[in-house]
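Each chain, letter by letter, is given below.
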Amino acid sequence: MSDICVIGGTRYFGKVLVRQLLDEGHRVTVVNRGQTPDPFGDSVRRLRADVTVSGELTAAVAGERFDAVVHQMCYTPIAAVEVCEAFGDRVGKIVLTSTIEVYNKDTFRGRTPAPPFGALARENELDPAEYDFDTELPWYSPGYLDVHYGEGKRQAEAALVRTAKVPVLLARVAHVLAAEGDFTGRLRFHLDHVRDGRPVVAHATPGRTSLVRAEEAAGFLAWAALSDATGAVNVASPDTADVYDFCAAVESATGLTAHVIEKDDPAGDPDLSPFSCPADFGMATDRVTALGYSFTPIAQWLPAVVRAAATA
C-alpha cells in the first residue's frame, strides 16, 4: 500500500484514476478547490487548494509526505514550479499528465520553425530539458491559457524537469475517449451530427491521430506513479484513427448514415470534426511498449465506447 496524492481527480479520467488507485489498495489524497463533488466519500483524504493561486498548494501540503504525486491540473510553468517547491523532496516521484498537443507544430510560441516531428512523434523529438519556460507570461489572464494550451504544457514540462528534486515522468496523453464524463464534447459532436442528419466536415484527405481509452490512460498513470520509469512517455493506443473511423463507429452504433464532406479550407466551420486533422498527427508508442506497458488498439475499443455513449 502506498500514499498517492492526486492533484485534480474530480472529472473525466481523473476520477477513473482515483478509483483505480483505491481499488489497488492505495491510500489516496485528493487536492483540488473543493468545488466539484466527487463519488469517493470517506475513501479519500481531501486537501483544498487552487493551483492557479500562488502559495495555496504549498500551504495545503505543508509537512505532507507521499510516495508519488500525480498532477492532473498542471497547465503552466508557474504551476510546475510551485508543485516542486511545495513538495520538495517529501515525495518519491512526480507524474505530470501532459498531452499530445505538445507536438502540435501550429502552437509553438516564438519558435520558428517547430521541431521536425514525424507523423508519429517520438518522445526524444521534444526534450523538455532543452526547452525554455517563462513564468512571467500572463498565463492566468483571461483567455491566454485557452489559446496557448500546448505551449503551456510544453513549458510546464520544462519547468518541472528543471526544478524537481525527485524523479519525474511526463505522461504525454493522446486524445482521451470515454462513454461518460467527456467534457470535451468531441464524441458527442459526431453522435449529434449523425443523428440530426447534419454533415460532418473534414479536411481534404484528413490525417490520422492518436487516441486512448480513459480507463487505460488512468491505468497507465496509476502504474507510472509507482514504477521506475521516468522522462517523457507517449500514452496512446498503438494504432491511429481518422474522422471516417469515428463516423463508421457512430453508424454502427446508431444504424444511421454519416455524411462526411471534405473541404480544402474548413477552418472556422462549425461542422468541422474535432478529430479531423489537416495531416497525420499522432504519437509513436515504442517507448511505452519497451517499458513493458501496452494499450489496446483503437479498432478493438472505439466501437464499444461509441455504442455506450449512444445509449447513455
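Residues numbered from 1 in each chain as written. Predicted model: local features only at pLDDT ≥ 70, side-chain atom pairs only at ≥ 80, totals over all residues. Heavy atoms only, no water.

Engineer: In this structure, what is going on with the sheet that holds strand 5 (residues 94-99)? I would like to understand it.
Structural biologist: Sheets are built from strands paired through backbone hydrogen bonds, the pairs being either parallel or antiparallel. One open sheet holds the seven strands; their spatial order is 3-2-1-4-5-7-11, and the pairing between them is parallel. Where the open sheet ends on each side, the last strands, each with one partner, are strand 3 (45-48) and strand 11 (231-235). The mean angle between the axes of side-by-side strands here comes to 20 degrees, regardless of whether they run parallel or antiparallel. Of the strand pairs in this sheet, strand 2 (residues 27-32) and strand 3 are connected by four bridges, and their pairing is parallel. Across the sheet, the residue bridging to valine 30 is arginine 46, located in strand 3. (Pairing = 2+ DSSP bridges. Helix = DSSP H or I, 4+ residues; strand = E, 2+ residues; numbered from the N terminus. Axes fitted to C-alpha atoms, helices over the stretch in contact; angles between N-to-C directions.)

Engineer: Got a minute to help me understand the pairing of strand 5 in this structure?
Structural biologist: The two faces of a sheet get side chains in turn, since along a regular strand they alternate between them. Across the six residues of strand 5, six count as buried, placing the element largely inside the fold. Residues Ile94, Leu96 and Ser98 of strand 5 are buried on one face, and the alternating residues Val95, Thr97 and Thr99, pointing to the opposite face, are buried as well. Two strands pair when backbone bridges link them, and strand 4 (residues 68-71) and strand 5 are joined in this way by three bridges, in the parallel orientation. Along strand 5, the bridge assignment pairs valine 70 with valine 95. The parallel pair strand 4 and strand 5, bridged by helix 3 (residues 77-87), forms a crossover whose chirality is right-handed. Sheet topology note: the strand 5/strand 7 (residues 168-173) ladder contains six bridges and is parallel. Bridge pairing links valine 95 to leucine 169 in strand 7. (Buried < 20%, exposed > 50% of the residue type's maximum accessible area, 1.4 Å probe, protein only. Right-handed = clockwise from strand over helix to strand, strands pointing away.)

Engineer: Would you mind going over the environment of glycine 197 with me for this structure?
Structural biologist: Along the polypeptide, glycine 197 turns up in the loop between helix 6 (186-196) and strand 9 (200-203). Assessed through its relative accessible area of 49%, glycine 197 is described here as partly exposed. On a C-alpha basis, the gap between glycine 197 and histidine 259 in space is 7.6 Å, while along the polypeptide they are 62 residues apart.

Engineer: I would appreciate a short explanation of the nonpolar core in the present structure.
Structural biologist: Within soluble globular proteins, side chains that are nonpolar tend to cluster in buried spots. Leu17, Val18, Val28, Tyr103, Leu169 and Phe220 are the most contacted members of the largest nonpolar core, which totals 50 residues. Of the residues forming this core, the biggest block, eight residues, is contributed by helix 7 (residues 214-226). The contact partners of valine 18, leaving out residues within four places of it in the chain, are Val6, Gly9, Val28, Val30, Phe40 and Val44. If you look at the next biggest cluster of nonpolar residues, it comprises 30 residues, including Ile7, Cys84, Ile94 and Val168. (Core = buried A, V, L, I, M, F, W, Y, C linked by side-chain atoms within 4.5 Å. Contact = heavy atoms within 4.5 Å.)

Engineer: I tried to follow the pattern of salt bridges on my own but got confused; where do I start?
Structural biologist: Two side chains carrying opposite charge are able to pair once their charged atoms lie near each other. Inspection of the entire model under this criterion finds 13 salt bridges. The closest approach of N and O atoms between arginine 213 and glutamate 215, which form a salt bridge, is 3.4 Å. Residue classification places arginine 213 among the partly exposed residues on the basis of a relative accessible area of 25%. (Salt bridge = Lys/Arg side-chain N within 4 Å of Asp/Glu carboxyl O.)

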